[in-house]
Amino acid sequence: MKRPTILVLGAGYGGLTTTVNLQKLVNANEAEIILVNKNDYHYETTWLHEVGAGTISPDKARYPISKVINHNVTFVKANIESIDVNTKIVGTSAGDFTYDYLVIGLGFEGETFGIPGLKEHALSLTNINTARQVREHIEYQFASWTLDEVKDDSKLTIIVGGAGFTGIEFLGELGNRIPELCKEFDIPKEKVRLLCVEAASTVLPGFDPELVDYAKAQLSKKGVEFSIGTPIVEATAEGVKIRKDEEEIEFIKAGTVVWAAGIRGNALVESSGIESNRARIAVREDMRAPGFDDVFIVGDCAFLLNEEVGRPYPPTAQIAMQQGVTIAKNIKHLINEESTEVFVYDDKGAVCSLGHEDAIGTAFDRKFTGKPASALKKVVDDRALYLVGGVGLTLKKGKFKFL
Ligand code: FAD
């Protein structure tokens, strides 16, 4: 009998964790494992705010996929162009693939909620290349301000749309990077404006209010201004319009606008033949897609309701990696004709970086701020490396310096 083909789409946290667990559980006689990803490297999406601000290099945030997969896995570097779960054909730039088991782990895209001009004029921290673009754009603005004879200070204004995790972590890094950039380009620091614009009434929704107050105070000390409860209603090549109240719309001129307020699943999901909402699929309790027993969804493309609070689990790397472990086990169960396991999320807390040696977080039923929280964040980042690539990868790429 032909051995089944397991096709994993995407080598992010979810897809790569699924793959490295599959390679341990399933031997070459039992199944063929194929992993398809756009690049031949994995990037740490949770580090993109650092790449965007320029506090780490893009290379620090990525590693070759070949370092963590073994001979049980065939890796294909290709752009996935279409998924059809009815014909079981996945179209890619390297040709079509079919499968017996499919894992969709293609991550997220920015959600601009139809706000005019955002797609065209705002930058984003969606993948390693958009993050690199943010860094280079800011540097370009700063460099040209220095060279301009007639100075336009708005080139030094950076607007971050969104005060969620990504926006706040990015602002924290900018707080460290801006003084360096000012020194590099001979710019008086007071010329630079860092503005966080948020439509909702609070910063970091869902976080403990005491920690949120700490975060706001720390970022304010780094020069961040907050405009909360003021949605961006339009972006132009020159800046953004924000609604101050029912009547007043203010235009803020800015050299850089970064949109970090909302995500949706990968658009390929919407034409896959599986029902989705904002490109996220409401998975069954064993992480399979509704109506398709051979299709699993992992990470940000999956939508999972937390029954206890009646709200979806937030899309995080933490949950994506845990789902990957369960999916690998469940594929093994299906190959063995056994019943699948229910995915149970083990919430280990959350840590939000505020830049160099500062953070807020909750873990072990405790709250953390400052250096201890920042150390915890490094542990979380290194743990993700360890779970995928073991000690070797952690020593090479980790944030703790051992030597
Ligand atoms: P990803 O890890 O984004 O991977 C998707 C993969 O699919 C990528 O390798 C991509 O190249 C590939 N791909 C996409 N489209 C195609 C295509 N067409 N063809 C081929 N390959 C394709 N979560 C936390 O738990 N803790 C944090 O502290 C945290 N901080 C964050 C900070 C930032 C700045 C951001 C942006 C996110 C953060 N998150 C955090 C959220 C977390 O990064 C995501 O939830 C997580 O990356 C989702 O994993 P995933 O596997 O679904 O997608």
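Residues numbered from 1 in each chain as written. Predicted model: local features only at pLDDT ≥ 70, side-chain atom pairs only at ≥ 80, totals over all residues. Heavy atoms only, no water.

- In the annotation of an unreviewed UniProt entry, the entry for the protein reads NAD(P)/FAD-dependent oxidoreductase, and the organism field reads Solibacillus merdavium.
- Regarding the protein, the relevant UniProt record gives this comment under Sequence similarities (unreviewed entry): "Belongs to the NADH dehydrogenase family." (UniProt positions renumbered as here; feature names shortened; annotations may be inferred.)

## Focus on the pattern of salt bridges
Point 1. As enumerated under the stated definition, the model contains 29 salt bridges in all.
Point 2. Residue glutamate 139 pairs with arginine 177 through a salt bridge whose shortest N-O separation is 2.8 Å. With glutamate 139 in helix 4 (residues 128-147) and arginine 177 in helix 5 (residues 165-185), this pair connects stretches of sequence that are 38 residues apart.
Point 3. For arginine 177, a relative accessible area of 7% puts it in the buried group.
Point 4. Close ionic contact of glutamate 225 with arginine 193 constitutes a salt bridge, the shortest N to O distance being 2.8 Å. Taken as a pair, glutamate 225 in strand 14 (residues 224-228) and arginine 193 in strand 13 (residues 193-198) lie far apart in primary sequence, 32 residues in all.
Point 5. Of the residues examined, arginine 193 reaches a relative accessible area of 29% and is grouped as partly exposed.
Point 6. Overlapping salt bridges bring together Arg135, Glu139, Arg177, Glu180 and Glu184 as one network. (Salt bridge = Lys/Arg side-chain N within 4 Å of Asp/Glu carboxyl O. Helix = DSSP H or I, 4+ residues; strand = E, 2+ residues; numbered from the N terminus. Buried < 20%, exposed > 50% of the residue type's maximum accessible area, 1.4 Å probe, protein only.)

## Section: the site of the ligand
Point 1. Residues in close proximity to the ligand total 33 residues, the closest being Gly14, Ile80, Asp300, Ala317 and Lys377.
Point 2. Measuring from an oxygen atom of the ligand, one finds a backbone N or O atom of glycine 14 at 2.8 Å.
Point 3. Residue assignment for the shell around the ligand shows that the elements contributing at least two residues are helix 1 (13-25), helix 5 and helix 7 (317-335).
Point 4. Split by residue class, the shell around the ligand holds 13 nonpolar, 16 polar and 4 charged. (Near = heavy atom within 4 Å. Polar contact = N/O pair within 3.5 Å; in protein donor to acceptor, adjacent residues only side chain to side chain. Nonpolar A, V, L, I, M, F, W, Y, C, P; charged D, E, K, R; others polar.)

## Looking at the domain arrangement of the protein
Point 1. With domains assigned, the protein is organised as domain 1 (5-38 + 78-110 + 263-347) and domain 2 (118-259).
Point 2. The C-alpha-based centres of domain 1 and domain 2 are spaced at 34 Å. (Domains from an automatic or database assignment.)

## Quick notes on the environment of isoleucine 187
Point 1. Tracing the backbone through its elements, the reader meets isoleucine 187 in the loop between helix 5 and strand 13.
Point 2. The contacts of isoleucine 187, once residues within four sequence positions are left out, are Phe142, Trp145, Thr146, Leu156, Cys182 and Val192. (Contact = heavy atoms within 4.5 Å.)

## Some points on the nonpolar core
Point 1. Residues Leu9, Ile83, Leu102, Ile104, Phe142, Val295 and Ile297 are the most contacted members of the largest nonpolar core, which totals 109 residues.
Point 2. In terms of residue count, helix 7 provides more of this core than any other element does, 9 residues in total.
Point 3. Counting residues in hydrophobic clusters, the runner-up holds 15 residues, among them Ile159, Ala254, Val257 and Ala261. (Core = buried A, V, L, I, M, F, W, Y, C linked by side-chain atoms within 4.5 Å.)

## Focus on the pairing of strand 12 (residues 157-161)
Point 1. Strand 12 sits mainly inside the fold: 5 of its 5 residues count as buried.
Point 2. Of the two faces of strand 12, both are covered, the one formed by Thr157, Ile159 and Gly161 as well as the one formed by Ile158 and Val160.
Point 3. As defined by bridge partners, strand 12 adjoins strand 13 across 5 bridges and the pair is classed as parallel. Bridging across to strand 13, valine 160 finds its partner in cysteine 196.
Point 4. With helix 5 bridging strand 12 and the parallel strand 13, this β-α-β connection has right-handed handedness.
Point 5. In this sheet, strand 18 (residues 256-259) lies alongside strand 12 in parallel orientation, the contact comprising 4 bridges. (Pairing = 2+ DSSP bridges. Right-handed = clockwise from strand over helix to strand, strands pointing away.)

## Focus on the UniProt feature "domain: FAD/NAD(P)-binding" (unreviewed entry) in the protein
Point 1. In this numbering, the UniProt entry assigns the feature "domain: FAD/NAD(P)-binding" (unreviewed entry) to residues 5-324.
Point 2. End C-alpha atoms of residues 5-324 are separated by 17 Å, and the span's content is 27% helix alongside 29% strand.

## Overview of the sheet that holds strand 7 (residues 89-92)
Point 1. A sheet is described by the order of its strands in space; here 3 strands give the open sequence 6-7-8, paired in antiparallel fashion. Of all the strands in the sheet, just strand 6 (80-84) and strand 8 (95-98) have a single pairing partner and so form its edges. The sheet shows a mean angle of 20° between the axes of neighbouring strands, direction not considered.
Point 2. One ladder, built from 4 bridges, connects strand 7 with strand 8; its direction is antiparallel. When the sheet's bridge partners are listed, threonine 92 is paired in strand 8 with glycine 95. (Axes fitted to C-alpha atoms, helices over the stretch in contact; angles between N-to-C directions.)

## Remarks on the sheet that holds strand 2 (residues 32-37)
By definition, the strands of a sheet pair up through backbone hydrogen bonds, in either a parallel or an antiparallel sense.
Point 1. Pairing is parallel in the open sheet, where 5 strands are placed in the order 5-2-1-9-21. A single partner strand is all that each edge strand has here, and the edge strands are strand 5 (73-77) and strand 21 (295-297). Across the sheet, the axes of successive neighbouring strands diverge by a mean angle of 15°, strand direction being ignored.
Point 2. Pairing analysis gives 5 bridges linking strand 2 to strand 5, with the strands arranged parallel.

## Regarding a nonpolar patch on the surface
Point 1. A cluster of nonpolar side chains, namely Tyr386, Leu387, Val391 and Leu395, defines an oily patch on the protein surface of about 390 Å² accessible area.
Point 2. Summarising the element assignment, tyrosine 386 is placed in helix 8 (residues 370-397). (Patch = residues over 30% accessible without salt bridge, like charges linked within 9 Å, V, L, I, M, F, W, Y side chains within 5 Å. Areas by Shrake-Rupley, 256 points an atom, 1.4 Å probe, with all protein chains shown as cover.)

## Focus: the packing of helix 1 against helix 8
Point 1. Following both chains from N to C, one finds helix 1 and helix 8 inclined at 35°, their axes separated by 9 Å at the closest point. Contact with helix 1, carried on its side by Tyr13, Leu16, Thr17 and Val20, involves Ala384, Leu387 and Val388 of helix 8 and no other residues of that element.
Point 2. Here the contact of helix 1 with helix 8 is composed, by residue class, of 6 nonpolar, 1 polar and no charged.

## Some points on the packing of aromatic side chains
Point 1. Enumeration over the complete set of coordinates arrives at 2 aromatic pairs.
Point 2. Judged by centre distance (6.0 Å) and plane angle (45°), the ring pair of phenylalanine 165 and phenylalanine 207 falls under tilted. You can see phenylalanine 165 sitting in helix 5 and its partner phenylalanine 207 sitting in the loop between strand 13 and helix 6 (209-221), a full 42 residues away along the chain.
Point 3. For phenylalanine 207, a relative accessible area of 14% puts it in the buried group.
Point 4. With a centroid separation of 5.0 Å and an interplanar angle of 75°, the aromatic rings of tyrosine 313 and tyrosine 345 are classed as edge-to-face. With tyrosine 313 in the loop between strand 24 (311-312) and helix 7 and tyrosine 345 in the loop between helix 7 and strand 25 (350-353), the pair connects residues that are 32 residues apart, well separated along the chain.
Point 5. With relative accessibility at 17%, the residue tyrosine 345 sits in the buried group.
Point 6. One cation-aromatic arrangement involves lysine 216 over phenylalanine 226; the distance from NZ or CZ to the ring centre is 5.7 Å. (Phe/Tyr/Trp six-rings, centres within 6.5 Å; stacked < 30°, edge-to-face > 60°. Lys NZ or Arg CZ within 6 Å of the ring centre and 35° of its normal.)

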